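Structure at a glance
One letter stands for each residue in the lines below.
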Amino acid sequence: MGMPGVLPVINQQAVAYTIMTALALNCTIPEYSKFDRKNYPYPDLMKGYQISQYDVPLSKNGYLMIEHNGQTKRIGITRVHLEEDTARLLHYDGYSLVDINRSGTALIEIVSEPDIRSPEEARLYMQKLREILVYLGVSSGRMEEGSLRCDANISVRPRGQQKLGVKTEVKNMNSFRSVERALAYEAQHQIELLRTGQPILQETRGWIETKGITVPQRSKEYAHDYRYFPEPDLPPLLISRAWIEELQAQLPELPDARRIRYMDQYGLSAQDVNILTEEKALGDYFEQVVAASQTDNPKIRAKAAANLVLNDVVRLLKANSISIEESRLSPAASANLLDLLDKERITGRQAKEVLEEAFTSGKMPETIIKEKGFEPPINDQGALERIIEEVIANNSKAANDYRAGKTNALQALIGQVMKQTRGQAKADIVRTILRTKLDETASS
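Below you will find a few notes about this structure. (Residues numbered from 1 in each chain as written. Predicted model: local features only at pLDDT ≥ 70, side-chain atom pairs only at ≥ 80, totals over all residues. Heavy atoms only, no water.)

**Here we look at the overall build of the protein chain**
Formally: A helix here means a DSSP run of H or I that spans at least four residues, while a strand means a run of E at least two residues long, and both kinds are numbered starting from the N terminus. For this measure, only C-alpha atoms enter the radius of gyration; the expected value for a globule follows 2.2 Å times N^0.38, where N is the number of residues. Partly exposed describes any residue whose relative accessible area lies between the buried limit of under 20% and the exposed limit of over 50%, with all areas from a 1.4 Å probe on protein chains only and scaled to the type maximum. Should any heavy atoms of two residues lie within 4.5 Å, those residues are counted as being in contact. When charges are counted, Lys and Arg are positive and Asp and Glu negative, with His and the chain ends excluded. Lys charges are placed at NZ, Arg charges at CZ, Asp charges at CG and Glu charges at CD.
If you tally the helices and strands in the protein chain, you get 15 helices and 14 strands. In terms of overall dimensions, the protein chain is more spread out than a globule: its C-alpha atoms have a radius of gyration of 30 Å, far above the 22 Å expected for 444 residues. Here the protein chain, with 444 residues, has 43% of them falling under the buried criterion. Considering only contacts in the protein chain between residues 6 or more positions apart, those separated by 24 or more positions represent 65%. Separation between the mean location of the 57 positive side-chain charges and that of the 60 negative ones in the protein chain comes to 3 Å.

In structure tokens form, the structure reads like this:
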């Protein structure tokens, strides 16, 4: 923040988080590292320089794998280094504001190699990177809050040319969609410049979300313009092999490993696995549901749990605009609901009503069914047939409509049966018996 008489101190936890991130991104960790002064005169740096790392960072030479159009692609990671954050500039028409709240706090910067070939690949790279950072616990990953930010360098070149073109840097993108849209716009902008014979300037451009365009902000410097030199107020860092091994042992299961395990251990589809593991908290919730269930076959229960979480629980979360961490529906409650269905204590229709109540109140499903007075499902075939015959007799128009080919009429009849049984009949059994009875009376 540029306060007189104040000197910097290296934050050990920030160094640990940087090394953990680097290890998760397959980087090598040198035993010697140092900090540098990066000099530039922008208003987001009150003291006129930023403490960063340049030639000897905390890590280098890593990579990240992404899936694009069914193909696996390797994106090189140049380095993962530690630096101090700057102030935040807020730009408006004709003026800017400076928010120094985050100035001087520790910031991890991840620099990728120029291996990304499309705006879509850039979005996939950012999404994969966010997953890893959230799993590691080093970031909340909330781009809208500034916890994860992206500055993207982009250049174009004629097809077949090996040399990279002049690059511009695009800033102010606060979502994955913004990253993809901004790079698509800037690529087309550079192509149009080249086609009309105009030069591409190495500059920093800002993305204006509301207009869908990039605009120039300032000229872009080269490395030598920053006049890097070793930071005199911070000693070099010596990273022991023992500490690196200790941090390596602390790494959690990462998204790709979790996806493979879910398919192997639970037999889930790749599509379900991708959604379950996209957010670490959702995957944790799913596993807790399976662990809390009373079952002798975890694989079958895992498929039922995945269906419940991905369909009903996620639907309720979206409808209430909350995350799984904020939900009152505990994993034990979801497991209890699945147990009640397995024991045929409630029907599928009743289960949906119970789930809604459990989600709102936080109560256990078995408590809710007692409060609501739900009786066990009707399994007496003869009793169910008598009720269905009565419904057909009392709803002759719907029955005749079904026989005439109007299949939607069957749903109305099912609804009447469910009403008569107070939801205690199983809809699939009701549907089967109804069709049989209607077909019998039609042929006679």
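**Re the sheet that holds strand β13 (residues 229-230)**
The cut-off we apply is this: One requirement defines pairing of two strands: DSSP has to find at least two bridges between them.
On the basis of which strands lie adjacent, the open sheet formed by three strands has the order β3-β2-β13 and antiparallel pairing. With one partner strand each, in any of the chains shown, β3 (49-52) and β13 form the two edges of the open sheet. Sheet topology places strand β2 (residues 36-39) next to β3; four bridges connect them, and they run antiparallel. Residue K38 lies in a different strand from β3, and its bridge partner there is Q50.

**So, helix α11 (residues 365-372)**
Worth spelling out the cut-off: Arc definition: it is the arc formed by the directions from the helix axis to the C-beta atoms.
Along α11, the positions that sit buried rather than exposed are P365, I368 and I369. Relative to the axis of α11, the buried residues are bounded by an arc of 95° and lie together on one face. Among the exposed residues of α11, those pointing more than 90 degrees away from its buried face are K370 and E371. For α11, the elements touching its buried residues are α9 (331-342) and α10 (348-361). Positive phi appears at G373, one or two residues downstream of α11, with a value of about 70°.

**Structural notes on the environment of R157**
With respect to the element layout, R157 can be found in the loop between β9 (150-154) and β10 (168-173). The spacing of R157 and I191 is 34 residues in sequence and 8.4 Å in space, taken between C-alpha atoms. Beyond its immediate sequence surroundings of up to four residues, R157 is in contact with R117, Q162, K163, L164 and G165.

**Details of the state of the cysteines**
Here is the rule we go by: The criterion for a disulfide is a pair of cysteine sulfur atoms lying within 2.5 Å.
In total, this model carries zero disulfides according to the counting rule given. A disulfide-free cysteine, C27 has its sulfur positioned 17 Å from the sulfur of C150, the nearest such atom.

**Some words on a nonpolar patch on the surface**
Quick note on the threshold: Here, patches come from residues exposed beyond 30% relative accessible area and free of salt bridges, joined within 9 Å for like charges and within 5 Å for nonpolar side chains (Val, Leu, Ile, Met, Phe, Trp, Tyr). For accessible areas, the Shrake-Rupley method is used with a probe of radius 1.4 Å. Any residue's cover is judged against the shown protein chains and nothing else. Salt bridges are defined as contacts in which a side-chain nitrogen from Lys or Arg sits within 4 Å of a carboxyl oxygen from Asp or Glu.
Taken together, M1, M3, V6, M46, V98 and I100 make up a surface patch of nonpolar side chains, about 520 Å² in accessible area. Positionally, I100 belongs in the loop between β7 (95-99) and β8 (106-112).

**Remarks on the sheet that holds strand β12 (residues 213-219)**
Using the following cut-off: Interaxial angle, 0 to 180 degrees, is taken between N-to-C directions of lines fitted to C-alpha atoms, where a helix line uses only the stretch in contact.
Pairing is mixed in the open sheet, where four strands are placed in the order β9-β10-β11-β12. With partners counted over all chains shown, the strands left at the sheet margins are β9 and β12, one partner each. Within the sheet, the average angular offset between the axes of one strand and its neighbour, ignoring direction, is 30°. Relative to β10, β9 runs antiparallel, the two being bridged by four bridges. Paired with N153 across the bridge in β10 is E169. Across the sheet, helix α3 (residues 176-195) is in contact with β9, β10, β11 (203-208) and β12; its angle to β10 comes to roughly 150°.

**Here we look at the environment of K171**
With respect to the element layout, K171 can be found in strand β10. For the pair K171 and W207, spaced 36 residues apart in the sequence, the C-alpha separation amounts to 6.1 Å. Not counting the four nearest positions on each side in its chain, K171 is found in contact with D151, T204, R205, G206, W207, Q217 and R218.

**Some details on the packing of aromatic side chains**
Basically, it comes down to this: Two aromatic rings from Phe, Tyr or Trp, using only the six-membered ring of Trp, form a pair when their centres are within 6.5 Å; if the ring planes differ by under 30 degrees the pair is stacked, by over 60 it is edge-to-face, and anything between is tilted. We count a charge as sitting over a ring when the NZ of a lysine or the CZ of an arginine lies within 6 Å of the ring centre and within 35 degrees of the ring normal.
Scanning the entire structure with this criterion turns up nine aromatic pairs. Centre to centre, the rings of Y92 and Y95 are 5.3 Å apart; their planes meet at 20°, and the pair counts as stacked. On the basis of relative accessible area, Y95 is assigned to the partly exposed category, the value being 46%. An aromatic cluster of at least three residues, connected via ring pairs, comprises Y40, Y42, Y54, Y226 and Y228. In this arrangement the basic side chain of K47 is found over the ring face of Y49, its NZ or CZ atom lying 5.3 Å from the centre.

**Let's talk about α10**
An α-helical segment advances 3.6 residues per turn. Residues three or four places apart therefore align on the same side. The condition that has to hold: A helix is expected to reach a length of 1.5 Å times the quantity of its residues less one.
The end-to-end C-alpha separation of α10 is 20 Å, in line with the 20 Å expected for 14 residues at 1.5 Å each. Looking only at α10, the buried set comprises Q350, A351, V354, L355, A358, F359 and S361. Buried residues in α10 make contact with α8 (298-320), α9 and α11. G362 sits one or two residues past α10 and shows a positive phi near 85°.

**Comments concerning the pattern of salt bridges**
Counted according to the given criterion, the structure contains 35 salt bridges. Across the salt bridge formed by K128 and D256, the nearest N and O atoms sit 3.0 Å from each other. Pair noted here: K128 is in helix α2 (residues 119-136) and D256 is in helix α5 (residues 255-266), with a separation of 128 residues, a long-range link. K363 is paired through a salt bridge with E371; the nearest N and O atoms lie 3.1 Å apart.

**A closer look at the packing of α5 against helix α6 (residues 270-278)**
Put simply, the rule reads: Any angle that falls under 35 degrees is termed roughly parallel, while one over 145 is termed roughly antiparallel, one within 65 to 115 roughly perpendicular, and all others oblique. Crossing handedness: left-handed means the near helix sits turned counterclockwise from the far one by under a right angle, and right-handed means the same turn made clockwise. The residue classification treats Ala, Val, Leu, Ile, Met, Phe, Trp, Tyr, Cys and Pro as nonpolar and Asp, Glu, Lys and Arg as charged. All others, Gly included, are polar.
Between α5 and α6, the least distance of the axes is 9 Å, while the angle of their chain directions is 135°. Here α6 runs oblique to α5, going by the angle between their axes. Considering the relative orientation of α5 and α6, their crossing is right-handed. Taking contact as the criterion, the partners of R258, R259, Y262 and M263 in α5 are, on α6, A270, V273, N274, L276 and T277. Tallied by class, the residues present in the contact of α5 with α6 amount to five nonpolar, two polar and two charged.

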